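Given next are the chains, with one letter for each unit.
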Amino acid sequence: MNKHNIDLATEADVPGLQSVLDQTALFPAAMLPDLLAPFLSDHTTALWLTCRVGTTPRGFCYAAPEPMTDGTWNLRAIAITPVHQGQGLGAALVTEMERRLHDKGQRILIIDTSGTDTFRSVRQFYHNLGYREEARLADFWAAGDDRVTFVKRLPPRSPRLREQPVRAGRLHSRNGLC
C-alpha cells in the first residue's frame, strides 16, 4: 500500500478532491467548494477528512451530525480514486472518522448505501469494518433500489473525558415532552 496520511480537509485540497470526484462521479465536482465552505469557515460541526498519498489528495469522507439526535452521526460521502481503491485507504478514512467522533464523545455512526447488486461490494466493505445492517427501506432510491442503513456504535469514553455530544436541531426536551 502507498504511504498515506489523513487529516482535516483544507482549502488547498479542493482541486485534488475535485479530481477525486471527477474520477469517481460520486457527485459533480463543481458542487464541492459550496459543500466544503461551511467546514472551511468553521460554520458547521460536520467533519471533512482528506486522504493524501504523498501530498496529493486521493480520497475523502464527510460526516455530519444527524438532526434531532444525541451523538449520532451520518457518514454522508466517501470516495477514493479508482486506482487507489482496494489498498486500504477507504478503511483508513472510515477508521479515522470513527476515532475523531469517539474522541468527541459521539455515540453512533450510520451509513446509508444502495441495496442493488452493483453495491454488494460496498455493503461488504462496511460489514468488514464492523458495521451492522440495521435497516432496509424498499425502493427508497428508486424502484428496485433499497436504502440500506449500516450502524456502528462507538465505544463509550470515560465519563471524566467525555465531551458533550453534538446535538443538531434538537426540538424536544430530554423527557420527550415539548
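Residues numbered from 1 in each chain as written. Predicted model: local features only at pLDDT ≥ 70, side-chain atom pairs only at ≥ 80, totals over all residues. Heavy atoms only, no water.

Peer 1: When you look at the pairing of strand β6 (residues 132–142) in this model, what are you seeing that I'm missing?
Peer 2: Consecutive side chains along a regular strand alternate between the two faces of the sheet. In terms of strand pairing, β6 meets strand β7 (residues 145–153) through 6 bridges, oriented antiparallel. Its bridge partner lying in β7, Arg132 is registered against Val151. Counted along the chain from β6 to the antiparallel partner β7, the turn is 2 residues long, and its residue Gly144 has a positive phi close to 85 degrees. (Pairing = 2+ DSSP bridges. Helix = DSSP H or I, 4+ residues; strand = E, 2+ residues; numbered from the N terminus.)

Peer 1: It is not clear to me how the sheet that holds strand β5 (residues 108–114) should be interpreted in this structure. Could you clarify?
Peer 2: Where strands meet in a sheet, backbone hydrogen bonds hold them as pairs that are either parallel or antiparallel. A sheet is described by the order of its strands in space; here 7 strands give the open sequence β1-β2-β3-β4-β5-β7-β6, paired in mixed fashion. Two strands bound the open sheet, and with one partner strand each, they are β1 (4–8) and β6. For this sheet the average axis-to-axis angle between neighbouring strands, irrespective of direction, equals 25 degrees. Looking at chain direction, β1 and strand β2 (residues 47–53) are connected through 5 bridges and run antiparallel. From the neighbouring strand, Ile6 faces β2, where its bridge partner is Cys51. Along the sheet face, helix α2 (residues 32–40) touches β1 and β2 and points at about 115 degrees away from the line of β2. Against the sheet, helix α3 (residues 89–103) contacts β1, β2, β3 (56–65), β4 (72–80), β5 and β7, and its axis sits at roughly 140 degrees relative to β2. (Axes fitted to C-alpha atoms, helices over the stretch in contact; angles between N-to-C directions. Contact = heavy atoms within 4.5 Å.)

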